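Architecture at a glance
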Amino acid sequence: MNMIDFEYDGIKLSSLKMSISSFSDPDDEQELGNNLELVNVKGQFADSYFSAGYSYTEPYQLEFYTTKYNCDNYDDFVISDAELNTLIRWLNRKSYCKFKPIYNDGSFADVYYMAYFNMSLLKAGGDIVGLRLTLNCNAPFGYQETKVFNGTLGSSPLTIEDVSDEIGHLYCKTTITVKSAGNLTIQNSADKYNAVIIKNCKENEILTMSGDTKIITTSMDSHKKLPNDFNFNYIRLVNTFSSRTNAFTANLPCEIKMEYNPIRKVGLVI
């Protein structure tokens, strides 16, 4: 499995007559990212430590090379000024854009990273023949393409398996259409201390929730006291090492749509 191409902000490297190159031993060690650091504490006169928290030491970063190829003319290996300008404008952005690796065996086709590039030139005989690219991601890991779940809550639970590689929880973008007026409570069997409560819901009211930005909106202007009626618990998917199952139930009938991007801790293989 080796990365032979990539797509950045919807454009493939190969479409610009460039290919990924490597100047290192193919059997050398390569970082996967996801480097954790535990916060260790110990009691007085104790010799052993226990974890009081954790942090990732740094976002994922990878350096690799790209050179020009031309199937019609194998002697055309020099990157022109115009081609260099196109590559710099494409890759050296001031914001994170979607980066998707493409492997020779089709592995991890649904994995992407949010990243920007730094670049330096490789020269031979006074000509530019390649680029050294440094991929800088916004997180220590990648993501899986958006998963969407639709269902009806009320008489039976909606069961979802969280496929994220990260143990813990991920907030969802959620749309709830309430089918009966009243005080709505949504409970997740895997997240029993995070019940979502929204009071004074109207029939056919549409509630939109974003756990990442901590924003909730309603389709009904008459629900003016929504901030007071909401307990500010947002819907999230939870997994532990032994279980990935989330069973959602509600006391009022409602239609629900949940979207999230599972974390993938697979790294990049050059």
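For the structure itself, look to the data block above.
Residues numbered from 1 in each chain as written. Predicted model: local features only at pLDDT ≥ 70, side-chain atom pairs only at ≥ 80, totals over all residues. Heavy atoms only, no water.

For the rest of this paragraph, the subject is empty space enclosed by the protein. Taken as a whole and judged by the stated rule, the model has one cavity of 30 Å³ or more. By volume, the largest cavity is sized at about 40 Å³. Lining the largest cavity are Ile-186, Gln-187, Asn-188, Asp-191, Asn-194, Val-196, Ile-235, Arg-236 and Phe-248. Among the elements that make up the lining of the largest cavity, the one with the highest residue count is strand S15 (residues 182-188) (three residues). A class-by-class count of the residues in the lining of the largest cavity yields four nonpolar, three polar and two charged. (1 Å grid on protein atoms, 1.4 Å probe; cavity = no way out; pocket = protein on both sides within 12 Å on 5 of 7 lines; lining within 4 Å. Points joined across faces, edges and corners; volume = space filled by probe spheres on them. Helix = DSSP H or I, 4+ residues; strand = E, 2+ residues; numbered from the N terminus. Nonpolar A, V, L, I, M, F, W, Y, C, P; charged D, E, K, R; others polar.)

Further remarks concern the packing of aromatic side chains. The tally for this structure, following the rule as stated, stands at 17 aromatic pairs. Judged by centre distance (6.2 Å) and plane angle (65°), the ring pair of Tyr-8 and Trp-90 falls under edge-to-face. Linking Tyr-8 in strand S1 (residues 3-8) with Trp-90 in helix H1 (residues 81-91), this pair joins segments that are 82 residues apart in sequence. Given the relative accessible area of 0%, Tyr-8 is considered buried. One aromatic cluster is present, formed by Phe-6, Tyr-8, Tyr-60, Phe-64, Trp-90, Phe-99, Tyr-113 and Phe-117 through successive ring pairs. (Phe/Tyr/Trp six-rings, centres within 6.5 Å; stacked < 30°, edge-to-face > 60°. Buried < 20%, exposed > 50% of the residue type's maximum accessible area, 1.4 Å probe, protein only.)

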